[in-house]
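Here is how the chains run, residue by residue.
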Amino acid sequence: MALIALAADKGSPGVTTAAVALSAVWPRRVLLAEADPAGGDLVYRSAAAHGGPLNPNTGMLSIAATARRGLVPDQLWDHVQPLSGGLEVLVGLGIAEQAAGLAGLWPTLGHAFASLADSPHAAADVIADCGRVSGDTPAVELFPHAALVLLISRTEPEAIARVRDRAAALAGKLHGGSRGAASLGTPMIGVVLIADTGTAGKLASQVNDMLVHAQTGARVVGTIAEDPAGADQLAGRRRGRLDKSLLIRSARKVAADIYQQYGAAWAASAQANQAHQSQHNHPGQMQGHAGAGA
């Protein structure tokens, strides 16, 4: 299991909607973290499990004081609130000015998010909504801890050009340079297109070819349907069978494809980390085995 960070270059391509939709259909337990330094949206658009509003002071804002004293991954659950549908959420900041309280803590949060997968008590993947990453947004400091960074983009020509350039810039920052067509760095950089279902397949193929040709080190990993009605249902603004919406059906396919392609590797990595931690926690025992083997 792993940390998956969602972000966009510019505008409002639907990062929060994509993050909530993917979290809602994720095949394992998942924590949705609103990690946008500009502030979160869920406190304004979603109801808590008890039917009332979410508490804006419990989440990223409350975790800041805890993280300054060190952060054990399981402590994240102390700051989580369930939505009315049961999804567990770490509510984001209220306004951008509150991001000052998290200054210097983003790598600590990234490590905690990634390590939650290895928790022996309450393991979960973390899907982090990081908002826009243009400029020097501190949310980028989460990315080195992620297994996958997903850039969300619409399909207008200018949006595609921006996601290509953003992917190349992130590859330079995270991987130390362009990786070319045959070499992908870690974390993997993926692109998810918000597209009309009738043209999604063709557009995904074209954009993927462009990303490869430009040697961005990124790949298209799927498409999520442009579905305003489904987005309204997801946000609780409209009634209907959400599970039958194009939005959720397409998000379910993206989630399944990601897990089919990367899930085994993430599970192996988690097992390796647990073994390493076990060795670290019992050094005397391991030294004994080494001596016997020698």
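Fair warning: this is a prediction, and the values are worked out from it, not measured in the lab.

Asker: Which residues make up the overall build of the chain, and what values go with them?
Answerer: Helix and strand counts for the chain stand at nine helices and eight strands. In the chain, which comprises 294 residues, the proportion classed as buried is 49%. Contacts in the chain between residues at least 24 apart in sequence constitute 74% of all its contacts with a sequence separation of at least 6. Just so you have it, the chain exposes about 13,500 Å², and 51% of that area is on carbon and sulfur atoms.

Asker: Please give an account of the side chain of glutamine 233 that cites residues and values.
Answerer: Looking at where glutamine 233 falls in the secondary structure, it is placed in helix α7 (residues 228-234). Judged by relative accessible area, glutamine 233 falls into the buried class, the value being 17%. Those residues in contact with glutamine 233 that sit more than four places away from it in its chain are Arg238, Arg239, Gly240, Arg241, Leu242 and Ser245.

Asker: Describe unusual backbone geometry, naming the residues involved and giving the relevant values.
Answerer: Phi at glutamine 215 takes a positive value of approximately 55°, unusual for a residue other than glycine. Within the secondary structure, glutamine 215 is located in the loop between α6 (200-213) and β8 (218-225).

Asker: Run through the sheet that holds strand β3 (residues 81-82), naming residues and quoting values.
Answerer: Note on sheets: strands pair through backbone hydrogen bonds, and any given pair is parallel or antiparallel. Read from one edge of the open sheet, eight strands run β3-β4-β2-β5-β1-β6-β7-β8, paired in mixed fashion. Only two strands of the sheet have a single neighbouring strand rather than two, namely β3 and β8. Bridge analysis of strand β1 (residues 3-8) against strand β6 (residues 148-153) gives four bridges, and the strand direction is parallel. Of the residues in β6, the one forming a bridge with alanine 7 is leucine 151. Strands in contact with helix α4 (residues 106-115) are β1, β2 (30-34), β4 (88-90) and β5 (125-132); relative to β1, the strand with the most contacts, it is inclined by about 130°. Seen against the sheet, α6 touches β7 (188-195) and β8 and runs at an angle of roughly 160° to β8.

Asker: Can you break down the nonpolar core residue by residue, with the values?
Answerer: Formed by 51 residues in total, the largest nonpolar core has its most connected members in Met60, Leu109, Phe113, Cys130 and Phe143. With six residues, the single largest contributor to this core is helix α5 (residues 157-175). If sequence neighbours within four positions are ignored, cysteine 130 has contacts with Ala5, Leu6, Ala7, Ala35, Asp36, Pro37, Ala139, Leu142 and Phe143. In terms of nonpolar packing, the next biggest core, distinct from the first, is built from 40 residues, Val15, Ile194, Leu234 and Ile248 among them.

Asker: So what's going on with the environment of alanine 7? Which residues, and what values?
Answerer: Tracing the backbone through its elements, the reader meets alanine 7 in strand β1. When the C-alpha positions of alanine 7 and alanine 139 are compared, they lie 9.2 Å apart, and in sequence the two are 132 residues distant. Sequence-distant contacts of alanine 7, that is, excluding residues within four places in its chain, are made with Val15, Cys130, Gly131, Val133, Phe143, Leu150, Leu151 and Ile152.

Asker: Residue-level account of the pattern of salt bridges, with values.
Answerer: With the rule as written, the count across this model stands at nine salt bridges. For the salt bridge of aspartate 41 with arginine 45, the shortest nitrogen-to-oxygen distance reads 4.0 Å. The class of arginine 45 is partly exposed, set by a relative accessible area of 27%. Overlapping salt bridges bring together Asp9, Arg162 and Arg166 as one network.

Quick notes on the rules
Residues numbered from 1 in each chain as written. Predicted model: local features only at pLDDT ≥ 70, side-chain atom pairs only at ≥ 80, totals over all residues. Heavy atoms only, no water. Helix = DSSP H or I, 4+ residues; strand = E, 2+ residues; numbered from the N terminus. Buried < 20%, exposed > 50% of the residue type's maximum accessible area, 1.4 Å probe, protein only. Contact = heavy atoms within 4.5 Å. Areas by Shrake-Rupley, 256 points an atom, 1.4 Å probe, with all protein chains shown as cover. Pairing = 2+ DSSP bridges. Axes fitted to C-alpha atoms, helices over the stretch in contact; angles between N-to-C directions. Core = buried A, V, L, I, M, F, W, Y, C linked by side-chain atoms within 4.5 Å. Salt bridge = Lys/Arg side-chain N within 4 Å of Asp/Glu carboxyl O.

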